[in-house]
Amino acid sequence: MHDETWDVVVVGGGHAGCEAAAAAARCGARTLLLTHRVDTVGEMSCNPAIGGVGKGHLVREIDALDGIMGRAADAAGIHFKLLNRSKGPAVRGPRAQADRKLYRDAVQSLLRATPNLTVRSDAVENLLLGEGNAVLGVETAPGRRVAAGAVVITTGTFLRGEIHIGDKRTPAGRAGEAPALGLAAALQRLGLPLSRMKTGTPPRLDGRTIDWAALEAQPGDAPPEPLSFLTARIGNRQVACAITATTPATHAIIRENLHRSAAYGGGIEGRGPRYCPSVEDKVVRFAERERHQVFLEPEGLDDNTVYPNGISTSLPEEVQARLVASIPGLERACITRPGYAIEYDHVDPRCLDPTLEVRAAPGLFLAGQINGTTGYEEAAAQGIMAGLNAARRAGAAAPDRVLGRADAYIGVLLDDLTLQGVTEPYRMLTARSEFRLALRADNAVSRLGTRGVAWGCVGAERATAQGAHLDELRILRRKAEQSGASPAQYVAHGVPTNQDGRWRSVFEMLGLASTPAGAVQGMFPWLAEARPRVMSELAAEALYAPYLARQAENLRILRAEEQLAVPASLDFSAVPGLSLEMRQRLDAAKPSSLGAASRVTGITPAAVAALAVHLR
């Protein structure tokens, strides 16, 4: 007996849950989002920013699939910056600092406007199971049994979450909210591999008590560059941030009290994020450094709270006060909320298929920090893919919604998680992709737009806008490849060119760093008529064209390996030539293809060759 039935139930209203619920609903699935508190849906639990290097790439990809993160960030953005602007287009990362309240309101507004989606306040305490541990729905705290064709769990830091400040421990999923204990027990009963991880947050400061005049101001870009393809312009008033740094006095305070830190005093067993360490970790790991940068980020237009990015800590409150006062510009700063570390359960993501479905529990999908990642963007990327696949499972039979490493950073993320697992909270970096010249933030629509339409997750407005962009880019590139001039003609228009008599296309000239864009547009007025984002993408394609041509062979090999499927039922002990260690590693990872097998940690080329022979 069930009290109600839905196609998809999503548990958790964080970034992963919001994207999962919206994606499933966009695909036509009747979707129910269950969360402890409806008013905190879309809450930015840690830093008030979306995007960055690697992370901004994920946001653009989510947006190309009609996700909500980019649109919400644009609606709430109060400080935009394109990071790595002086470097090549492949590693430039769009970032937006948001007004927390505006971001939460924007997410909730977008969810309310999504057909087929209902959001409700309820704590999920248990999973409803059928034959073979197939997940058939959930049971909520009031004892209601909710049936579903698929369930997506996106609990963030709530699974047996515990906040640490010095030697004080408080059960919580985040400050002021209860942890998810019943659901953690349900996952444990399923036999899923659980372990502990930790993350942290800095103390919040009252901006009115900061000496802003003594600090270096950090203005945003003018004009600000939106994160979403659908955003024409940013409407919010923009604010400046500021930069300061820790001092030797700061480091002395930390060293003197290191034994009182929850992370160093033995109170925490979970591993923290390498690429977003606590200030205690920085002082210990980089003992030779006398200063570490601290970015002061306002949290809202009508909010005096400031987020001091760079001093995440779990030291006692009185030590935090001394630590903050030792930093230039913060001598009289008042702490409005202390920093803390939070420890929580996560599931080893190697128990998941690339669709994010749990192999041992058909119908159950996991997304976000529950899979061992850190960051809003990584969570949202998993959420959108889990939501798409949950809708597929709950509906008519259809191919899995999967992105490969050569398709998107989302594909890199899911491949890394499900094959390699995690030993620390996973963060996306552009260096994780072997195809990063092709996987740029500027060309996410070109890479994923048509796929999103085919998957049924892109609405009519976006499909029309993205289709027009692709058409214009295709026409412009063809014209740029067919049009050109002699060296003498280029030089006559102020475009430096080797005088070798060789005709050069416009496309080739755009790929040269020495080519003044304005001079080329003066020679070929039709270039100036192109929309800026189309022109920018064309220039990036021209710049990387020689390298992309060489990379094509590596891509061909990868795709050939990915097409050689490894049956889920394959007994690796029956593969001749595999050592016991290789069999154990492959059996734990359950790779779906030869290419995936080659990326399993510790698998040797000889083992890949033996597996290839057996499969063929």
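One can find the structure itself at the top, above this paragraph.
Since this is a predicted model, take the numbers as computed values, not measurements.

Visitor: Tell me about the overall build of the protein chain, residues and numbers included.
Guide: Scanning the protein chain from N- to C-terminus turns up 20 helices and 22 strands. Its C-alpha atoms give the protein chain a radius of gyration of 25 Å, near enough to 25 Å, the size a compact globule of 616 residues would have. Principal-axis analysis of the C-alpha atoms gives the protein chain an extent of 75 × 65 × 50 Å. For the protein chain, the residues scored as buried account for 56% of the 616 residues in total. A total of about 24,800 Å² of accessible surface is found on the protein chain, and carbon and sulfur atoms cover 52% of it. Of note, the protein chain has its 69 positive side-chain charges centred 2 Å away from the centre of its 66 negative side-chain charges.

Visitor: Run through the sheet that holds strand β13 (residues 204-206), naming residues and quoting values.
Guide: Strands belonging to one sheet form pairs held by backbone hydrogen bonds; the direction of such a pair is parallel or antiparallel. Taken together, 6 strands build an open sheet; the order of strands is β14-β15-β16-β17-β13-β18 and the sheet is antiparallel. Edge positions in the sheet fall to β14 (216-218) and β18 (335-337), since each of these pairs with one other strand and no more. Neighbour-to-neighbour, the strand axes of the sheet open up by a mean angle of 40°, direction not taken into account. Looking at chain direction, β13 and β18 are connected through 2 bridges and run antiparallel. Residue pairing in the sheet places R204 in a bridge with R337 of β18.

Visitor: Could you give me a rundown of the pattern of salt bridges, with the residues and numbers involved?
Guide: Two side chains carrying opposite charge are able to pair once their charged atoms lie near each other. Scanning all chains against the criterion turns up 51 salt bridges. Two residues, D345 and R160, come together in a salt bridge whose shortest N-O distance is 2.6 Å. Note that D345 is positioned in strand β19 (residues 340-347) and R160 in the loop between β9 (145-153) and β10 (162-165), a separation of 185 residues in sequence. The exposure class of R160 is partly exposed, given its relative accessible area of 34%. With a closest N to O distance of 3.6 Å, R359 and D353 form a salt bridge. Each of R405, D415, D416, E434, E562 and R599 takes part in salt bridges that share partners, so that together they form one network.

Visitor: Residues and numbers for the packing of helix α12 (residues 460-482) against helix α17 (residues 532-563), please.
Guide: Describing two packed helices takes the angle between their axes plus the distance from one axis to the other. Following both chains from N to C, one finds α12 and α17 inclined at 50°, their axes separated by 10 Å at the closest point. It follows that α12 is oblique to α17 by the angle criterion. Note that α12 runs across α17; the crossing there is right-handed. Within the contact between the two elements, α12 uses H469, E472, L473, L476, R477 and A480 and α17 uses R533, V534, M535, E537, L538 and E541. In terms of residue class, the contact of α12 with α17 is made up of 6 nonpolar, 1 polar and 5 charged.

Visitor: Please provide a residue-by-residue account of the sheet that holds strand β3 (residues 49-51), values included.
Guide: The sheet built from 3 strands is open, its strands ordered β3-β5-β4 with antiparallel pairing. Two strands close off the open sheet at either side, each with one partner strand: β3 and β4 (77-83). Between one strand and the next, the sheet's axes are offset by a mean angle of 20°, whatever the strand orientation. Sheet topology places β4 next to strand β5 (residues 93-98); 6 bridges connect them, and they run antiparallel.

Visitor: Go over helix α20 (residues 605-615), please, and point to the residues and values.
Guide: Every buried residue of α20 is listed here: A607, V608, A610, L611 and A612. Packed against the buried residues of α20 are α18 (580-589) and α19 (594-598).

Visitor: Which residues make up the side chain of S314, and what are the values?
Guide: Here S314 shows up in the loop between β17 (303-309) and α8 (317-325). Among the residues examined, S314 registers a relative accessible area of 3% and is labelled buried.

Visitor: Pulling in residues and values, what's your account of the nonpolar core?
Guide: Residues V9, Y103, L127, I153, L364 and I410 are the most contacted members of the largest nonpolar core, which totals 106 residues. Among the elements that take part in this core, helix α9 (residues 376-394) stands out by supplying 10 residues, more than any other. In this structure, I410 is in contact with L58, E61, I62, L65, A381, M385 and L403, ignoring residues within four places of it in sequence. Core analysis: the second largest hydrophobic core is formed by 21 residues, L473, V506, F507 and A530 among them.

Visitor: Mind laying out the packing of helix α2 (residues 55-64) against helix α11 (residues 444-455), listing which residues take part and the relevant values?
Guide: Relative to each other, α2 and α11 sit at 35°, their axes nearing to 8 Å. Between α2 and α11 the crossing geometry is right-handed. Facing α2, whose interface residues are R60, E61 and A64, α11 presents A444, V445, R447, L448 and G449. Among the residues making up the contact of α2 with α11, the classes are represented as 4 nonpolar, 1 polar and 3 charged.

Visitor: Any details on the environment of R474? Residues and values, ideally.
Guide: Mapped onto the secondary structure, R474 falls in helix α12. Judged by its relative accessible area of 45%, R474 is partly exposed. Spatially, the C-alpha atom of R474 lies 10.0 Å from that of S446, the residues being 28 residues apart in sequence.

Visitor: Go over helix α10 (residues 409-420), please, and point to the residues and values.
Guide: Across its 12 residues, α10 extends 16 Å between first and last C-alpha, which sits within 8% of the 16 Å expected from 1.5 Å per residue. α10 sits mainly inside the fold: 11 of its 12 residues count as buried. Buried-residue contacts for α10 involve α2, α9, α18 and α19. Of the residues trailing α10, G421 is marked for its positive phi of about 70°.

Visitor: I'd love a proper account of unusual backbone geometry, names of residues and values included.
Guide: Residues A222 and P223 are joined by a peptide bond in cis, for which omega reads 0°. Residue position: P223 is located in the loop between β14 and β15 (241-245). Unusually for a residue other than glycine, N133 sits at a positive phi of about 60°. Within the fold, N133 resides in the loop between β7 (124-129) and β8 (135-140). Of the residues examined, N133 reaches a relative accessible area of 32% and is grouped as partly exposed.

The rules we used
- Residues numbered from 1 in each chain as written.
- Predicted model: local features only at pLDDT ≥ 70, side-chain atom pairs only at ≥ 80, totals over all residues.
- Heavy atoms only, no water.
- Helix = DSSP H or I, 4+ residues; strand = E, 2+ residues; numbered from the N terminus.
- Rg over C-alpha atoms; globule rule 2.2 N^0.38 Å.
- Buried < 20%, exposed > 50% of the residue type's maximum accessible area, 1.4 Å probe, protein only.
- Areas by Shrake-Rupley, 256 points an atom, 1.4 Å probe, with all protein chains shown as cover.
- Lys, Arg positive; Asp, Glu negative; His and termini not counted.
- Charge placed at Lys NZ, Arg CZ, Asp CG, Glu CD.
- Pairing = 2+ DSSP bridges.
- Axes fitted to C-alpha atoms, helices over the stretch in contact; angles between N-to-C directions.
- Salt bridge = Lys/Arg side-chain N within 4 Å of Asp/Glu carboxyl O.
- Parallel < 35°, antiparallel > 145°, perpendicular 65-115°, else oblique.
- Left-handed = near helix turned anticlockwise from the far one by under 90°.
- Contact = heavy atoms within 4.5 Å.
- Nonpolar A, V, L, I, M, F, W, Y, C, P; charged D, E, K, R; others polar.
- Core = buried A, V, L, I, M, F, W, Y, C linked by side-chain atoms within 4.5 Å.
- Expected span 1.5 Å × (residues − 1).

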